[in-house]
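# Close look at the chain arrangement
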Amino acid sequence: MAPKKRNSGTTQTKELKPSVKSASPEKKENPELSVKKHREKDAEFVTLCKSLHVTDTVCDRAWTLWKTVQESMDEVTDSQKRLWGACLFVSVTDMDVACFTLTQVQKAVDLNVKQFLALVRKMDVNLDTISTRVDSVLTRLEKKYDVTLALYQRFEKTCKEIFALGSDDKEKETMRSCWTMFLLAKGRALQMEDDLVISFQLLLCSLEFFIKRCPPDLLQPLYRKLQSHKAQSPPTRTSRRNQSKAKPRLPEPEVDVQLLETLCKENECNAEEVKNVYQTSFSAFLESVDLARSPDFPQVNDLSQQYEEHYLKSRDFDGRLFLDGDESLLAPKLEIMQVERTPKKNAPEEDPVLIPPQTPVRAAMNSIQQLRVDLTSNGDQPSANLITYFKNCTVDPTEEVLKRVETLGQVFGQRFAQAVGPRCVVLGKQRFTLGVRLYYRVMESMLKSEEKRLSVQNFSKLLNDSTFHTSLLACTLEVVMATYGGSCFKTGGYNHGSGGDPAETDLCFPWILDVFELAAFDFYKVIESFIKAEPSLSKDIVKHLESCEHRIMENIAWRTGSPLFELLKRTHEEGPAEQAETPAAFNQPLQHNHTAADLYLSPMRPNHRVLPPESPATPSSQPASQAPAQPAGQTPRLPKSNSLSLFYKKLYRLAYTRLKMLCSYLLSSHPDLEPIMWTLFQHTLQHEYELMRDRHLDQLMMSAMYAICKVKNVDLRFKTIVTAYKNMSNTRQETFKQVLISEGHYDSIIVFYNQVFMQKLKTNILQYASTRPPTLSPIPQIPRSPYKFPSSPLRVPGSNNVYISPLKSPRMSPGIMTPRSRMLVSIGESFGLSNRFQKINQMVNSSDRSFKRTLDLGSPPKPLKRLRFDVDGQDEADGSKTSGDSTLIQKLAEMSSTRSRMQEQKMKEDAESRKE
């Protein structure tokens, strides 16, 4: 669990924080549970509390939570004991007290990790059971479990290739010792135990350590041979007289390079990175457990005892139980997919080639290897072509570029080590080096494109712009970090809750912005040009960068201190003619010719570059190194900001896309409301943009939706909106649970609507109820994606779900091309059983639209019984209340209405799919 406080054992307790009202801040609470104090509670509940060594305060709080959950849930499908365990887990997490570990409470209620964590989330019926702190802990536990499970599965497979394992106890002990040492090393060396790549590298180090000390008869031939090659004559014994003298310092532990390289080759891992992990983190770990210079086989009991201390301190799951196949760590039952056979062309007599399955570890190693291959020909210094561009500048930026890279490299290495582990500076530098190579390559590509576009070679202003260089380097490093981060980056960091220890935060975006103290609005300017300048980016990385752009537009660029507000203020002061983006342009396709050079040099400060009012030229048509002459006698003015204009174009399209998605989910029977909601939403973003300060785009979206339904007398309550919103992709509960009300004060979305949104926009909202409502804003054209994927599959005309993928590059690993979610079909080959054809027919005929997958329309949202974060249970802006009978009728009507709307929407979507 997240709070990693020191514990002494399974009965450990800790002084409660002063914030816990029931605990005295002056003295510690009695660690022993007093049964007499809890006679009014269920005896079995008290027994469970006693077995988990909770305090009286925890017992009281968990019981209160249980009563709340019991009232909220329509039916208790799980056993009371399991829900009690979940209530206890939520209570100790919120209170930050050390009573029991995750494994201990799992075993007490007989649930595995996935089942227990799912049960805790399921309890959040009224959206107030799980705090943002608990949500953060759950997310981190899920990620750590997934990573550890993937590593253990790889460990089992690798051990079969290394050790001649049988039923002998010695062989089992070897595996147990190695796995326990790895768990201990991971816990002590890494700040972030859910880092898949570094954890796997530590696992290879642990295996190397054991192979060197393993009896030859326990090894497979390959590793037995490597061990024999390294065999040396025993050291000469020193005399007893010499032993009495001062002993010389023993040599540092040395890595068996050949052995480690073989392990890396067999496991598709970069050897240089693993060597650095060994020489820094793993060697330091060996020193800490007094095994650095010991030639002996480590004792499993000693390792287990030390891991026990770490496990009790971390209070999560006991990783040793993987070795026993313990049910508490049972892997979720996954459908075992048959390994597809790829037939060789014109070679029917030969055996088909088996493509290995794409496991999480293999996927990560493949992505990293691909990145390294792509950057093999690029150096750590600017190329000759890039130097030429530098020399052509009016002011040569070479010295500043190199100095900046060196300075930011030091900052990056230190912050990387701070986040991952104190001895991971070298690893951070390795990743920074890859980022620098990509930085120089993309910069050169951008300049070549600008030279072709503008027919100039002097880019002095752009290349002497520090913000441009910092943003470009941050973008390349984000690509590197995303490649190493694997699946956790595919959501762009959306699903990571806040509230955890800052030292344990992962490296997902926007971490890099904080490291370089870079404004999100400045970073946004380079993303699109970066993607266009680097065609080798994988589809997953392009999607990741696009999700980073979305997060910037949704909330990061709207934080206090962002240059976006200064631009908006200046634009609005210049009058309506200088709007960031006029509504008339909404229905135009998202096409522009702005490059990073245009965006970073626009708008310019006075005396830098000005345009005459009647000049037809735009900043983007001017060479980045030149300034047009100012005619005499005319008042200079700043040109319209390209960066702000493009930002708002994309913002409006993103905003409308999310509004349309939520409306299709909730208001399919009221299609006339969507354009009205959009008009209010768009008006707010354009004219009341201060409402976005330190807030989220979706908060204004939900408020606009509720406001229009209210004024149009459509029964759509906030609790229904929020329930549907939770099922959308890329959402976090903080968006509706922690909304800024006033400086330093946060509350629910409903309080925000009542006290802020409605107060600011009341006059505008009421206009929609009049006979002369405001003119509707045009609907933006929504492109599928502004970024082109050259390797994307193309749909076969006249079909629903049949796609043809272009031929992949021959240097790509076969594992990357392995279809995981689709079946691989070979035309003309024997296909096996008839049910395979049925599956294909079912797949082709089924509708697979993206937003339907996202919203899971097959299971309509269940309206909440009561929204507990409403003020006094109110859900209406006017504070009205209803009687118990009418409330029940409303609940039934709302439930029926929602279900009907969802069924109609699903039928409509299916009909549209069949037409296509």
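Note that the structure is a prediction, hence the values are computed from the model and not measured.

All right, on to the packing of helix α7 (residues 169-189) against helix α8 (residues 196-213) then. At a minimum axis distance of 9 Å, the contact between α7 and α8 shows a crossing angle of 135 degrees. Between α7 and α8, the angle falls in the class oblique. Between α7 and α8 lies a crossing of right-handed hand. On α8, the residues touching Thr174, Ser177, Cys178, Met181, Phe182, Ala185, Lys186 and Ala189 of α7 are Ser199, Leu202, Leu203, Ser206, Leu207, Phe209 and Phe210.

On to the state of the cysteines, then. Defined simply, a disulfide is a covalent bond joining two cysteines at their sulfur atoms. Scanning the entire structure with this criterion turns up zero disulfides. Cysteine cysteine 159 shares no disulfide, and the gap to the nearest cysteine sulfur, in cysteine 178, comes to 5.8 Å.

With the rule as written, the count across this model stands at 41 aromatic pairs. On the numbers, 5.5 Å between centres and 75 degrees between planes, the contact of phenylalanine 468 with tyrosine 600 is edge-to-face. Remark: tyrosine 600 occurs in helix α24 (residues 596-600) and phenylalanine 468 occurs in helix α19 (residues 466-485); sequence separation between them is 132 residues. A relative accessible area of 1% places phenylalanine 468 in the buried class. Relative to tyrosine 648, the ring of tryptophan 558 has its centre 6.4 Å away and its plane inclined at 80 degrees; by these criteria the two rings are edge-to-face.

Moving on to the environment of proline 360. Looking at the element boundaries, proline 360 is found in helix α14 (residues 360-374). The class of proline 360 is partly exposed, set by a relative accessible area of 47%. When the C-alpha atoms of proline 360 and leucine 151 are compared, they prove to be 8.7 Å apart, with 209 residues separating the residues in sequence.

Okay, the environment of leucine 204 next. The residue leucine 204 is located in helix α8 in this model. For leucine 204, a relative accessible area of 1% gives the class buried. Separated by 22 residues in sequence, leucine 204 and phenylalanine 182 place their C-alpha atoms 9.0 Å apart. Ignoring sequence-local partners within four residues, the contact set of leucine 204 consists of Leu260, Leu263, Cys264, Asn267, Cys269 and Val274.

A word on the nonpolar core. With 243 residues, the main nonpolar core has Phe516 and Phe647 as its most contacted residues. It is helix α25 (residues 642-666) that provides the largest number of residues to this core, a total of 15 residues. Sequence-distant contacts of phenylalanine 647, defined by excluding residues within four places in its chain, comprise Phe521, Tyr524, Ile552, Met553, Ala557, Trp558 and Leu564.

What follows is about the pairing of strand β3 (residues 739-742). In this structure, β3 lies alongside strand β4 (residues 745-747), joined through three bridges in antiparallel fashion. Its bridge partner lying in β4, leucine 740 is registered against tyrosine 746. What sits between the antiparallel neighbours β3 and β4 is a turn of two residues, in which glycine 744 has the positive phi angle 80 degrees.

Next up on the list: the confidence of the model for the chain. When pLDDT is averaged across the chain, the result is 76; 66% of the residues are at 70 or more. When pLDDT is averaged over each helix and strand of the chain, the minimum, 37, is found for strand β1 (residues 341-342) and the maximum, 96, for helix α27 (residues 697-711). Counting interchain partners and residues more than four positions distant, the pLDDT-below-50 stretch residues 232-252 has six contacts. The low-confidence segment residues 847-873, where pLDDT is below 50, has 78 contacts with residues more than four positions distant or belonging to other chains.

Following both chains from N to C, one finds helix α17 (residues 425-454) and α19 inclined at 125 degrees, their axes separated by 8 Å at the closest point. Between α17 and α19, the interaxial angle falls into the category oblique. Here α17 and α19 pass one another in a crossing that is right-handed. Touching Arg431, Phe432, Leu434, Gly435, Val436, Leu438, Tyr439, Val442, Met443 and Met446 of α17 are Phe468, His469, Leu472, Leu473, Thr476, Leu477, Val479, Val480, Met481 and Tyr484, all from α19. Here the residues of the contact of α17 with α19 are counted per class, giving 16 nonpolar, three polar and one charged.

By the definition in use, this model includes 34 salt bridges. Taking the shortest distance from any N to any O, the salt bridge between lysine 275 and glutamate 261 comes out at 2.9 Å. Here lysine 275 is found in helix α12 (residues 271-288), whereas its partner glutamate 261 is found in helix α11 (residues 257-266), with 14 residues between them in sequence. Overall, lysine 275 belongs to the buried group, its relative accessible area being 13%. Accessibility expressed as a relative area gives 36% for glutamate 261, which makes it partly exposed. Linking aspartate 514 and arginine 415 is a salt bridge whose minimum nitrogen-to-oxygen distance equals 2.6 Å. Taken together, the positions of aspartate 514 in helix α20 (residues 511-516) and arginine 415 in helix α16 (residues 398-420) put the pair 99 residues apart, joining distant regions of the chain. Since its relative accessible area comes to 46%, aspartate 514 is described here as partly exposed.

Scoring rules and cut-offs
- Residues numbered from 1 in each chain as written.
- Predicted model: local features only at pLDDT ≥ 70, side-chain atom pairs only at ≥ 80, totals over all residues.
- Heavy atoms only, no water.
- Axes fitted to C-alpha atoms, helices over the stretch in contact; angles between N-to-C directions.
- Helix = DSSP H or I, 4+ residues; strand = E, 2+ residues; numbered from the N terminus.
- Parallel < 35°, antiparallel > 145°, perpendicular 65-115°, else oblique.
- Left-handed = near helix turned anticlockwise from the far one by under 90°.
- Contact = heavy atoms within 4.5 Å.
- Disulfide = S-S within 2.5 Å.
- Phe/Tyr/Trp six-rings, centres within 6.5 Å; stacked < 30°, edge-to-face > 60°.
- Buried < 20%, exposed > 50% of the residue type's maximum accessible area, 1.4 Å probe, protein only.
- Core = buried A, V, L, I, M, F, W, Y, C linked by side-chain atoms within 4.5 Å.
- Pairing = 2+ DSSP bridges.
- pLDDT = per-residue confidence, 0-100.
- Nonpolar A, V, L, I, M, F, W, Y, C, P; charged D, E, K, R; others polar.
- Salt bridge = Lys/Arg side-chain N within 4 Å of Asp/Glu carboxyl O.

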